[in-house]
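Each chain is listed here by its residues.
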Amino acid sequence: MSSENLPQSTEQQLRKPRVAVVFGGRSSEHGISVVTAGAVLNAIDRTKYDVLPIGITTDGRWALTADDPERMAITDRKMPDVAQLAESDEGGVVLSVDPGSREVVYSEPGSVPKALGEVDVVFPVLHGPYGEDGTLQGLLELSGVPYVGAGVLASAVGQDKEYMKRVFTSFGLPVGPYLVVRPREWDLDPQAARKRIVEFAGDHGWPLFVKPARAGSSIGITKIDDLSGLDEAIEEARRHDPKFLVESLLRGREIECGVLEFEDGPRASVPAEIPPVTAHDFYDFEAKYIDSAPGIVPAPLTEEQTAEVQRLAVEAFEAASCEGLVRADFFLTEDGGFVINEINTLPGFTPISMYPRMWQESGVSYQQLVDRLIQAALNRPTGLR
């Protein structure tokens, strides 16, 4: 009898799947990632899964952290940090890149490395570069470890707003007017870049939005009403990403729709609406996470409008070759058409975030949502698919 056909040991049969929740990271969205991790850790069914929390510090160290969701919340308008949760200031967690081993090892200077056991699936809750952009997904593919959410290509496309829009356009999805300024262009001839932006404003009007190309959570975005604010807005965007976009204002209603992968393919949730935020110039980071600006779920749309935005959300999911989950953001313009703004392959995922709220209203609770994503990842093959 070959070793492949030998029955599993009793220990293997009884062992619960082990979920590594990886969070934090090197991007400017570090804090909200920690908040998301706390919510996910709270929701994972401990009767079904073992859990290993792994935090990535802002300087990139993988740290073993406390399994303590209460310490991962926003306190006094301040974001939590992995460094506050790490069990050691120097210890590091290493995931094997040998696809034949899913062993996780913990080591500290001057100590013998300690094996923490195998991981069956990774639940990455990293937002932004170095986590949501395909970099972590590539590492997990090399390691042969299943993981929740989009693969390398879809993660990269979903992070880079320029190429996201290019993909959508190629699939016939409607996108708004935009302009891209790449790092080399700005470094070599900023005056020429400014001239292009002025011409763009002449074609599409003010105000404009200046935003980092590869950031999320509305970080680094500035709304400008005229040329006087342009340089400061560019500087703010480039603090987060040397490549930036300029977009025209789309007048209309902000509509979001969640997509979740089921056994028979992706399905769309009921949509939500983000109403005008009176205390903020637009739906920025503070409005989303600090002041918890409310969204309307479900969105007050006609049946035809609801069906159309759901169709477009699933098309966007498929166009970018997504897996697991996506939040698709749209504008319902004054002429009655939908324009897609962007997708998030790892959307805000706290219980008050729009994505879980839309699925709650669609009949999938937060706990069920977390469980479905873990099960889908466990059942998905690694490698090319």
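Rules and cut-offs
- Residues numbered from 1 in each chain as written.
- Predicted model: local features only at pLDDT ≥ 70, side-chain atom pairs only at ≥ 80, totals over all residues.
- Heavy atoms only, no water.
- Helix = DSSP H or I, 4+ residues; strand = E, 2+ residues; numbered from the N terminus.
- Rg over C-alpha atoms; globule rule 2.2 N^0.38 Å.
- Buried < 20%, exposed > 50% of the residue type's maximum accessible area, 1.4 Å probe, protein only.
- Contact = heavy atoms within 4.5 Å.
- Areas by Shrake-Rupley, 256 points an atom, 1.4 Å probe, with all protein chains shown as cover.
- Lys, Arg positive; Asp, Glu negative; His and termini not counted.
- Charge placed at Lys NZ, Arg CZ, Asp CG, Glu CD.
- Expected span 1.5 Å × (residues − 1).
- Arc of directions from axis to C-beta.
- pLDDT = per-residue confidence, 0-100.
- Core = buried A, V, L, I, M, F, W, Y, C linked by side-chain atoms within 4.5 Å.
- Phe/Tyr/Trp six-rings, centres within 6.5 Å; stacked < 30°, edge-to-face > 60°.
- Lys NZ or Arg CZ within 6 Å of the ring centre and 35° of its normal.
- Salt bridge = Lys/Arg side-chain N within 4 Å of Asp/Glu carboxyl O.
- Pairing = 2+ DSSP bridges.
- Axes fitted to C-alpha atoms, helices over the stretch in contact; angles between N-to-C directions.

1. Here's the deal with the overall build of the protein chain
Scanning the protein chain from N- to C-terminus turns up 13 helices and 16 strands. Taken over C-alpha atoms, the radius of gyration comes to 22 Å for the protein chain, in line with the 21 Å a tight globule of 385 residues would show. Looking at the protein chain residue by residue over its 385 residues, the buried ones come to 53%. In the protein chain, of all internal contacts separated by at least 6 residues, the share reaching a separation of at least 24 is 65%. Summed over all atoms, the accessible surface of the protein chain reaches about 17,600 Å², with 49% contributed by carbon and sulfur. Charged side chains in the protein chain number 36 positive and 59 negative. The centres of these two groups are separated by 2 Å.

2. So, helix H8 (residues 190–204)
Compared with the 21 Å implied by 1.5 Å per residue over 15 residues, the 21 Å span of H8 between its first and last C-alpha is a close match. Buried within H8 we find Ala193, Ile197, Phe200 and Ala201. Projected down its long axis, H8 carries its buried residues within an arc of 100°, all on one side. Of the exposed residues in H8, those oriented more than 90 degrees away from the buried face are Gln191, Lys195, Gly202 and Asp203. The positive-phi residue at the C-terminal boundary of H8 is Gly205, with phi of around 85°.

3. Here's the deal with helix H4 (residues 135–143)
Structural remark: α-helix, 3.6 residues per turn; residues separated by three or four positions point the same way. Along H4, the residues that are buried comprise Leu136, Gln137, Leu140 and Ser143. An end-on view of H4 places all buried positions within 120° of arc, on one side of the element. One or two steps after H4, the chain reaches Gly144, where phi turns positive at roughly 70°.

4. Looking at the environment of Glu361
Within the secondary structure, Glu361 sits in helix H12 (residues 354–361). The exposure class of Glu361 is partly exposed, given its relative accessible area of 45%. A C-alpha to C-alpha distance of 9.8 Å links Glu361 and Ala272, two positions 89 residues apart in sequence.

5. Comments concerning the confidence of the model for the protein chain
Per-residue confidence for the protein chain gives a mean pLDDT of 90; residues scoring 70 or more make up 92%. The model gives residues 1–10 a pLDDT under 50, and that stretch makes two contacts with residues more than four places away or in other chains. This stretch, residues 287–291, has a pLDDT under 50; its non-local contacts, to residues over four places away or in other chains, come to 21 contacts.

6. A closer look at the nonpolar core
Generally speaking, soluble globular proteins have nonpolar side chains that are buried together. If you look at the biggest cluster of nonpolar residues, it comprises 33 residues, and the most contacted ones within it are Val21, Phe23, Val40, Ile44, Phe123, Phe349 and Val370. Listed by contribution, the elements that provide at least two residues to this core are strand S1 (18–24), helix H2 (30–43), helix H3 (82–85), strand S7 (121–124), strand S12 (252–262), H12 and helix H13 (366–379). Counting residues in each nonpolar core, the second largest holds 26 residues, with Ala154, Val157, Ala316 and Cys322 among its members.

7. Remarks on the packing of aromatic side chains
Remark: the centre distance and the inter-plane angle together describe each pair of aromatic rings, the angle taken between the planes. Under the criterion given, the structure shown has six aromatic pairs. Between the aromatic rings of Phe349 and Tyr366, the centroid separation amounts to 5.4 Å while the plane-to-plane angle is 50°, which identifies the pairing as tilted. Of this pair, Phe349 sits in the loop between strand S16 (338–344) and H12 while Tyr366 sits in helix H13, placing them 17 residues apart in sequence. The same class applies to Phe349 and to Tyr366, which are both buried. Members of the aromatic cluster, each reached through a chain of ring pairs, are Phe123, Phe349, Tyr355 and Tyr366. When the ring centre of Tyr130 is taken as origin, the NZ or CZ atom of Arg26, which lies over that ring, is 4.0 Å away. If you follow Lys165 out to its NZ or CZ, it ends over the ring of Tyr178, 5.5 Å from the centre.

8. A few points about the pattern of salt bridges
For the structure on display, the rule yields 27 salt bridges. The closest approach of N and O atoms between Lys165 and Glu247, which form a salt bridge, is 3.2 Å. With a gap of 82 residues between them, Lys165 in helix H6 (residues 161–170) and Glu247 in strand S11 (residues 244–248) connect regions that are remote in the sequence. With a relative accessible area of 3%, Lys165 lands in the buried category.

9. Quick word on the sheet that holds strand S8 (residues 178–181)
Read across the sheet, four strands follow the order S8-S11-S9-S10 without closing on themselves; strand pairing throughout is antiparallel. In this open sheet, the two strands that pair with only one neighbour each are S8 and strand S10 (222–224). The mean inter-strand angle of the sheet, taken between neighbouring strand axes irrespective of direction, is 20°. By the bridge criterion, three bridges tie strand S9 (residues 208–212) to S10 in an arrangement that is antiparallel. By the bridge assignment, Val210 is partnered in S10 with Thr222. Strand contacts of H8: S8, S9 and S11, with the helix running at about 175° to S8, the strand carrying the most contacts. Sitting on the sheet, helix H9 (residues 230–240) touches S9, S10 and S11, and the angle it makes with S9 is about 25°.

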